[in-house]
There are 2 protein chains.
Amino acid sequence: MPRIHILIAAIFLTLCCYSIPNAAFANEGMWQPQQLPEIATQLKAAGLELDPESLTDLTGFPMGAIVSLGGCTASFVSPQGLIATNHHCIYGSIQYNSTEDNNLLENGFLAQEFSKELQATPGSRVYVTEEIIEVTTAIIGGLNAGISGIERYKTIDRNSKAIVAECEQDKRYRCRVVNFHGGMEYYLFKQLMLRDVRLVYAPATSIGKFGGDIDNWMWPRHTGDFGFYRAYVGKDGEPADYSEDNIPYKPKNFLKVSAKSLKDGDYIMVLGYPGRTNRYRTSTEVKNQFTWSYPKSKVYFEEYINIIKSNSVAGSDVRIKYESTLAGLANVAKNYGSMMTSYHKGTTQQRKEQLEKDLSSWIKAKKSREKRYGNSLKQLDNLVLQSQKYQERNMLLGYIGRTTMLSTAYSLYKLANESQKTDLERDSGYQLRDIPRFGQRMKAIDRRFDSNIDKAVLQYFIQQYASIPQQQRVSSMDEFFAISKGFEESSLQTLLDEMFANTKLGDEETRLSWMEKSPADFEKSNDPFIQLAVATYKEREAIADQREALTGDIQAIRPKYMEALIAFYKDRGLPIYADANSTLRITYGNVKAYSPADGMRALPFTTLEGISAKHTGEDPFNSPVKQLELIKQQQYGKYLDTNLASVPVNYLGTLDVTGGNSGSPTLNSQAEFVGLLFDGVYESIIGDWDYDSELNRSISVDSRYMLWVMEYVDGAHKLLDEMVIVE
Amino acid sequence: MPRIHILIAAIFLTLCCYSIPNAAFANEGMWQPQQLPEIATQLKAAGLELDPESLTDLTGFPMGAIVSLGGCTASFVSPQGLIATNHHCIYGSIQYNSTEDNNLLENGFLAQEFSKELQATPGSRVYVTEEIIEVTTAIIGGLNAGISGIERYKTIDRNSKAIVAECEQDKRYRCRVVNFHGGMEYYLFKQLMLRDVRLVYAPATSIGKFGGDIDNWMWPRHTGDFGFYRAYVGKDGEPADYSEDNIPYKPKNFLKVSAKSLKDGDYIMVLGYPGRTNRYRTSTEVKNQFTWSYPKSKVYFEEYINIIKSNSVAGSDVRIKYESTLAGLANVAKNYGSMMTSYHKGTTQQRKEQLEKDLSSWIKAKKSREKRYGNSLKQLDNLVLQSQKYQERNMLLGYIGRTTMLSTAYSLYKLANESQKTDLERDSGYQLRDIPRFGQRMKAIDRRFDSNIDKAVLQYFIQQYASIPQQQRVSSMDEFFAISKGFEESSLQTLLDEMFANTKLGDEETRLSWMEKSPADFEKSNDPFIQLAVATYKEREAIADQREALTGDIQAIRPKYMEALIAFYKDRGLPIYADANSTLRITYGNVKAYSPADGMRALPFTTLEGISAKHTGEDPFNSPVKQLELIKQQQYGKYLDTNLASVPVNYLGTLDVTGGNSGSPTLNSQAEFVGLLFDGVYESIIGDWDYDSELNRSISVDSRYMLWVMEYVDGAHKLLDEMVIVE
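Rules and cut-offs
- Residues numbered from 1 in each chain as written.
- Chains lettered and ligands numbered in written order.
- Predicted model: local features only at pLDDT ≥ 70, side-chain atom pairs only at ≥ 80, totals over all residues.
- Heavy atoms only, no water.
- Phe/Tyr/Trp six-rings, centres within 6.5 Å; stacked < 30°, edge-to-face > 60°.
- Buried < 20%, exposed > 50% of the residue type's maximum accessible area, 1.4 Å probe, protein only.
- Helix = DSSP H or I, 4+ residues; strand = E, 2+ residues; numbered from the N terminus.
- pLDDT = per-residue confidence, 0-100.
- Contact = heavy atoms within 4.5 Å.
- Buried area = accessible area lost by both parts, 1.4 Å probe.
- Polar contact = N/O pair within 3.5 Å; in protein donor to acceptor, adjacent residues only side chain to side chain.
- Nonpolar A, V, L, I, M, F, W, Y, C, P; charged D, E, K, R; others polar.
- Pairing = 2+ DSSP bridges.
- Axes fitted to C-alpha atoms, helices over the stretch in contact; angles between N-to-C directions.
- Parallel < 35°, antiparallel > 145°, perpendicular 65-115°, else oblique.
- Left-handed = near helix turned anticlockwise from the far one by under 90°.

## Quick notes on the packing of aromatic side chains
Then, number 1: By the definition in use, this model includes 68 aromatic pairs over all chains.
Then, number 2: On the basis of an interplanar angle of 55° and a centroid distance of 5.9 Å, the ring pair of A:Phe568 and A:Tyr569 is categorised as tilted.
Then, number 3: By relative accessible area, which is 3% here, A:Phe568 ends up buried.
Then, number 4: Given a relative accessible area of 7%, A:Tyr569 falls into the buried group.
Then, number 5: Ring geometry for B:Phe500 and B:Phe529: centres 5.0 Å apart, planes at 75°, overall edge-to-face. In this pair, B:Phe500 sits in helix H19 (residues 489–502) while B:Phe529 sits in helix H22 (residues 528–571), placing the two residues 29 residues apart along the sequence.
Then, number 6: Residue classification places B:Phe500 among the buried residues on the basis of a relative accessible area of 9%.
Then, number 7: Relative accessible area serves as the criterion here: at 0%, B:Phe529 is assigned to the buried category.
Then, number 8: Chaining the aromatic ring pairs together yields one cluster made of A:Phe290, A:Tyr294, A:Tyr300, A:Phe301, A:Tyr304, A:Tyr336, A:Tyr343, A:Tyr399, A:Tyr460, A:Phe461 and A:Trp689.

Listed below in C-alpha cells is the structure:
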C-alpha cells in the first residue's frame, strides 16, 4: 500500500521476512477474519454497527465483496462485477493501453459501454477468497524439532505444494499455503480466480495521481486515487480467459457507495490484503535493516532512477514504458528515507532491545519457562547473523538478475531444468500451475523494456558487484564478464553492447519458443544471455540451496521464539495479531487528525479548494481546467459537506495498513463504501516495523470526491447508475 | 523584521517606495502613536487593559522603553540600560567580536560582569524617540502645485535638511524628517542617540538562529532569536562615544518581563519601527514589482550567493566575513520567492485594479471630486512608467556600485566633491553630521570584505551590465572597462585582477586619509578604483539628477492621488494608517493559529520538545547538548505552561509587522514584555503589499523560552536578577 502495491515492493525487497506477532494497542492490528469475535468489544467501542461475527463470513456481506488483484486490494461495487480500486493499482493497465498518440494516462479513460472496455495488462487477475483452512498439522505435523536445514525447508515446501495441488484440482481456483507467526501456523487460502479483467474507467493522471511523487506519503493530500475494473466470466458464469463473448461476473456481494457525510471521529475500517509487516523482528534484524539494508538500497534505487531518466526523454515512448518502474523506485526510495529518519529520531531500536530484555527476564523467572523457551532468541540471532554474511553480494546478484534480458534468460533456463522434474518437485514459479502466468510475463516484457536502459542498469550493477571482495563473488560470473583478473569499465561496456546486439530475447516469439526447449538446447545456444544463464546456473543454484538450508534452520527456530513472545504477551493480557502476509485482514479505527510536528496539526479532511491552491499548471500539480472551473463555481452538488463548506477530497484515519492494502475500500460502521485507502502519511511509514498510535495515519480518497469527479468532471453517469449510492 | 532588519533590506532594495495609506480591517494597521485614541474602541475590544491615551506619550510608559537600533527595534528591560532585541539584530556585533579561535557566533557570549561587555560593531547606535513634530508646512508650505521636477525635489530636500540641522544643534540628538502618505505630510523625529553600545549576552547561534535559513519565515518555528545589548553614557549621564569610564544609561522607562502564561487568543501588541510597506501602490507599480523587479532581483541574489559560496570555504575566516551578507541575501531571495508565489496564486493584482476602477467611478460620480482629484492616478502612472524605462540599467549600476572597493572609491570621491559645498547644499550622507558614520563605515570594511569575492561579484555584474542595450549603458564606464567595442570575459578578468592587485583602498589608513583629500587629489590618483570613480562621476551624477527630477515630479503628484484615495476611504468610513516608513508605530492583535494550507493548521505555540524533534546534530538543527538534556529531563522550572505541558518556544500572532519590527518587544494587555517579535510566516510576506487577515501571522520568541534559556542553559543569573520578572 501507501503507493506501493506489493508487487512492486516485492520486486525490490531484499531477502528477509517470514513473520511474528505483536501486542495490540489503540487501533494497531491487522486482524484475521476469524479473530474478530475476540475483539468484538473494541470494535463496538470504536463504533462498528454490524455484528462482528458477520465479518467472519468470507462469502457473506461485506467480506465477499472484497477481492485481491494480486498486489492491491479492490472491491465489487455493482451487481455487474464493477470493481473499484486505486488509480495506482490500475496504472499498469492504463499504461499498457496508452500510446504516444493516445496517452490514456494523460487523458484518462472512460468506456462509454461495456464493449468499449479494454483488456487489462496481460496476467491481470481478480482473486476472490472463498475459504481459509488451517493446515498446520499437514505442513509441519510430521516434522520433529530436530529437523532443520534443507530437509525442513524441502519438507515444508513439498507439503505446501501437495496441498495447493490438491486444492487446485478445481481449475477455477488459485490456492496458497501461508505461514503465520514465523511458521507457527499454516493456512490454506482458496481463491476463485477471475481471468478476464478489463479497464472501465480511470480519471486523468492529473486527478488520479495529482501531487505525484512530491505529495506521495504526504499530508495535506488531494489525490483522486481511484479507478475501475470489471471482471468478466464465460457465458456459463465460470472463470474464463478473455473472450469477446464473455459476460460480466455477478458477485454474490457488492458494496453500496456512500454519498453521506463522514465526519471527524467516525468509525472506519479497511478489509484488504496487507502485504508484509515486520513487527516481531529481533533487535538484531531491525538494526541490520535500518543501518545497512535500507541505506544501501536507497542509494541503489536513486541511482537506478538516474539511469532511467538519463536514458529516456520525458514523454517519449521509452519513458512511458518505464513510468511505472520509476514510480515504484521513487516510492520505495522515499519510503526507506522516511523509515531511516523515523528510526534514527525515534526509540524503535531501544524499545526492541528493552522488549528482549523483558522477555528474557520473564523467561528466567520460571524454571518451566526456561526449559520450554530456552535461548531461542539467541539461536535465532545466530542464524540471522549468518544470513547477513553474504547480504551485499546477494543484494547485488538480485539487482543483476532482475534486469530484463538477464532475468528472462535466467527464468527460461530454470524452467527448462525444472521441467525435467515431477511437478511437485519443481521450485515455486515453475510448476505447471505457473506456466500460463510465466507465459504472460514473457509477453508483457516489450511494454516495459528498453534495450539501452536495461543495458545501462545491468552495467551499473555489475560494476558495483565487481567492487565486492573476490571471495564473495561468483566465479562463473566473474569469468563471463572477465572480472576475475580485474575490472575494466570499457571492456564491460563493449561486452554488454555485443550481448544486447546479439540477443534474440527481445523478441516475443523467440522468448515463447524457449519455453518449450530442453536444457540441452540452451547449452547449445549462442544467445549471449542464455550462455550467461547456463554458465552461472550451477553456482546460482548452489547459492539458492544454501539460502534454503538457512531458511529451513530459521523455520525451525523462529516459531519457538514466537511461541515465547506470544506467551509473554498473553501473560500480560494483550491480544495478538500476526504480521501481514498478503492474506485477508481487517483493520478498524476512526477518522482522526494528528500532529506531524510540534506546532502543527494535520486536519482530518482536505477539500476541493486545496486542489486549486496547489495547482501550478505543471505536472504533478496540473489539475484539469474543467475541474478548476467547477471548483471556482463551487459546483458541489449533493457532495457538499456542510462542516467543511466544500467537497472533501482525502481524509486521515488511524487504520493500521501497509502495501497491499492499496485499493481497499474504506468502510463506515455499516460497511458502506466511504472511500478508497491509498496511502499512509510520511511519519507512519516505519509502521511496517513499529506502530505509533500518535503518528500512524492512513489516507483515503473520500467517496464523495470520487462521485463528484465521476458526475461533474468525467460524466461517468452510466457507472453512477450502475452502482447503489446511499445518500 | 522577518529576518531582515531593514539595513540589510535597504542595501538590496531597488529604487522605489515613497509611501501611501490604506483602509484597515481586522488587525491590519501600523498606527502612529497619536492615532491610538482614534482606534481606542478596537484596542479595548482586542483586549488592551491600558488606557490607549497612555500609549501616545513618547517618553512615558511603555513608549519610552522602546528604542531603535537603526534597522531593528529594541527595548530597555532594566533600569541599567539593558536592551533586549533579536539575536539576528545583534548578529553583526557577535560576528564582529568573533575570531576563528573564539567564534562567538558558535559559542554564544555572556559577559559575567559589566566590564566584560564588548563593544558592538562600530557605528552601533541606540535611538530613543523623544519628540515627533509635524512639519508639513515648513517643508512644502511654500511650494505651489505647479512646482515639480528637480526644483521641487531640491526644495523639499533643502527644507528638510534645514529643519534637521536646527534640531541637531543639540549634539545629543539625531533628527529626521519623514514623509507620510507619499508626501502629503511631513514629520520631524527627534531621537536621543546613545553612541556607546555594548554586547552583553547572546545565546549560541544553535539557539539564536536554530533552524537557520531553512526555517526562516517558516512555521513551526523554534528559534531563540534574542540577545542583549547595553547602552552606556558619559559619567554626566549624557550620550558619549565609547570610553572605559562610561556608565550604564538609566532609561526613564523599562519593561517588566513576563514569566506568566500567555494563551491562545490573548491580546498582544508590538511597538516598533517597521521599515517599509507598499500598501498604497498603484496597480502599474505592483505589476512591475512582481513581474519584473522581484523575479529579476531574485535571480541576481541567488547568483550572488553562489559566488560567495564558491569563493569561500565554510567555516573559514573569509566565510565568516560574509556570513551576514549571505544571510541577508538568502533571506531576501526567499522573501521575494514567497511574494511572487503569493502574487501569482492570489488576487492582489485584480483587487488593486478593481480598487482603482472603484476609485475612478467614485471620483466621476461628483463634479466636485472630479475637479479636485482629477486624473492624478493617470499622471502618477505616467511618471511610474517613465521611471521604469531605465530600471534594468539602474538595478545593475546599483549592484556594481555596491561592491566594496568600488563603493568605497565612489563614496570617497563623492565626499571630496560634496565637501566643496556648504553643509546644507550637500547630498544626504555627505553632510557634516554624516562624517563620523562615514568614517566608521570606512573602518568596518575589513571585517566584511574579501578581495577575491568582491572581484568575482563585480565581474559578474559587469558582465550582466555589458549585455544590456548600448544606448542604456554609461559610456564612461563602457570605456573604462573596454566594453564599447564588444565585451570579452577574459579581458575583463585581466583588468579586474590588475585593479584589485593595485588598489590601496583595501587598507584602512589609506581609506581614512582619502576622506581628507580634494577632488584634485583624486583626479591625480593612480589607484584604479579611484580612477574609475573619477572617470564615471559626471555621468553617474547626471543619472542621479534625472532620478531626482523624476522623484520631484512624483512628489508633486502622489500626494494628490493619496488625497483622493484617503477621501474615498473616508467616505466609506474606514480608518487610515500610513505606510511604514521606519517611524515608531504600534500594531495590536492576538495570539492566533492559522491555516497555511488546506488540511493543515498551524498551532499558536511551539514547545521545547519540538527542538529535540528537529535536532539532527547538523547546522542549522544542532541544538546544544545541554539544552537537549534539559528538555529530556523535562526541566521546565517555573516556565512550564500547563496547557502545553512544556515551555513555549515561539508563538503566532495577528500583528501587522514588517522589516524593522525585528527585535520589537511583544507586549501583553498590560504592556509587559511577553516576547520578541522576530519574523512572519511565509504566507504573510506579501503583506508588505497586501495584508490578508487569514494568512498574516507574526512570530515571536516567547519570553518564557528566553528566560528558560537564560536560567538553565546559559546561567545568565545576573541578568535575570537585573530585570524585573513578573510571575
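Resuming the write-up.
## With respect to the confidence of the model for chain A
All names here are of chain A.
Then, number 1: When pLDDT is averaged across chain A, the result is 93; 96% of the residues are at 70 or more.
Then, number 2: The model gives residues 1–25 a pLDDT under 50, and that stretch makes 118 contacts with residues more than four places away or in other chains.
Then, number 3: Interface confidence in the predicted complex, given as ipTM, is 0.84; pTM for the same model is 0.86.

## Notes on the interface of chain A and chain B
Then, number 1: The interface of chain A with chain B comprises 20 residues on the first partner and 20 residues on the second.
Then, number 2: Here chain A meets chain B over a buried area of about 1,300 Å², counting both sides, of which 55% is carbon and sulfur.
Then, number 3: Taken together, the connections running from chain A to chain B amount to 13 residue pairs in polar contact (both at pLDDT 80 or more).
Then, number 4: When residues of the side of chain A that touches chain B are traced back to their parent elements, those giving at least two are strand S17 (594–597), strand S18 (600–602), strand S19 (605–607) and helix H23 (608–614) of chain A.
Then, number 5: Residue composition of the side of chain A that touches chain B, grouped by class: nine nonpolar, seven polar and four charged.
Then, number 6: Here three bridges tie S18(A) to strand S18 (residues 600–602) of chain B, and the two strands are oriented antiparallel to one another. By the bridge assignment, A:Arg601 is partnered in S18(B) with B:Arg601.

## Notes on the packing of helix H9 (residues 283–310) of chain B against helix H11 (residues 348–364) of chain B
Relative placement of two packed helices is described by the angle separating their axes and the distance separating the axes.
All names here are of chain B.
Then, number 1: Look at H9 against H11: their axes get within 9 Å of each other, and the N-to-C directions meet at 165°. Judged by the angle between their axes, H9 and H11 are roughly antiparallel. Of the two elements, H9 crosses H11, and the hand of that crossing is left-handed. Within the contact between the two elements, H9 uses Ser283, Val286 and Lys287 and H11 uses Thr348, Gln349, Lys352, Glu353 and Glu356.

## Some remarks on the pairing of strand S14 (residues 267–272) of chain B
All names here are of chain B.
Then, number 1: Burial of S14 is extensive: six of the six residues sit out of reach of the surface.
Then, number 2: The alternating pattern of S14 places Tyr267, Met269 and Leu271 and Ile268, Val270 and Gly272 on opposite faces, both of which are buried.
Then, number 3: The pairing of S14 with strand S16 (residues 585–590) spans six bridges and is antiparallel. Each bridged residue has a counterpart across the sheet, and for Gly272 the counterpart in S16 is Arg585.
Then, number 4: Across two bridges, S14 lies against strand S21 (residues 665–667) in antiparallel orientation. Residue pairing across strands places Val270 opposite Thr666, the latter belonging to S21.

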